[in-house]
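Read off the chains here:
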Amino acid sequence: GKTTVGNGAMIGALAAGKGVLVLVSTRALARERGVALAHALAPLGFRVGISTRDDRADDDAIRAGALDVIVTVYEKAQSLAVAGGPGLGRVGLVV
């Protein structure tokens, strides 16, 4: 139920040109959800990034605002917000 509603809202936001921030509770869940979303959304031209304390490969792209979907844990989202920059400026939906 909740995932289906979130996915529907995500598609609507992406179609409207907005970015999406997906918050999850654990680093393992961030990796799992991020990989699944990338697999589903990349063929449609959307860029998905994952950011956790242990997984920082997409942090530069996030800070630059180059991603459509950002999957992260709550603490990392706070860190990204405090850091500023255009990265979270595109976000129109938080799931």
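Residues numbered from 1 in each chain as written. Predicted model: local features only at pLDDT ≥ 70, side-chain atom pairs only at ≥ 80, totals over all residues. Heavy atoms only, no water.

Caption draft 1: Local environment of the pattern of salt bridges. If you walk through the whole model with that rule in mind, you get seven salt bridges. The partner of Arg53 in a salt bridge is Asp54, and the shortest N-O contact between them spans 3.8 Å. For the pair Arg53 and Asp54, one class covers both residues: exposed. Arg63 serves as the salt-bridge partner of Asp60, at 2.9 Å between the closest nitrogen and oxygen. Placement of both Asp60 and Arg63 in helix α3 (residues 59-64) is noted, with a separation of three residues, approximately one turn of the helix. Connected through salt bridges with shared partners, the residues Arg27, Arg53 and Asp54 form a single ionic network. (Salt bridge = Lys/Arg side-chain N within 4 Å of Asp/Glu carboxyl O. Buried < 20%, exposed > 50% of the residue type's maximum accessible area, 1.4 Å probe, protein only. Helix = DSSP H or I, 4+ residues; strand = E, 2+ residues; numbered from the N terminus.)

Caption draft 2: Geometry of the sheet that holds strand β2 (residues 48-51). Strand order in the open sheet formed by four strands is β2-β3-β1-β4, with parallel pairing between adjacent strands. Since the sheet does not close on itself, it has two edges, and those belong to β2 and β4 (91-94), each with one partner. With direction set aside, neighbouring strand axes in the sheet form an average angle of 25 degrees. Pairing analysis gives five bridges linking strand β1 (residues 19-24) to strand β3 (residues 69-73), with the strands arranged parallel. For Val24, the partnering residue across the bridge sits in β3 and is Val73. (Pairing = 2+ DSSP bridges. Axes fitted to C-alpha atoms, helices over the stretch in contact; angles between N-to-C directions.)

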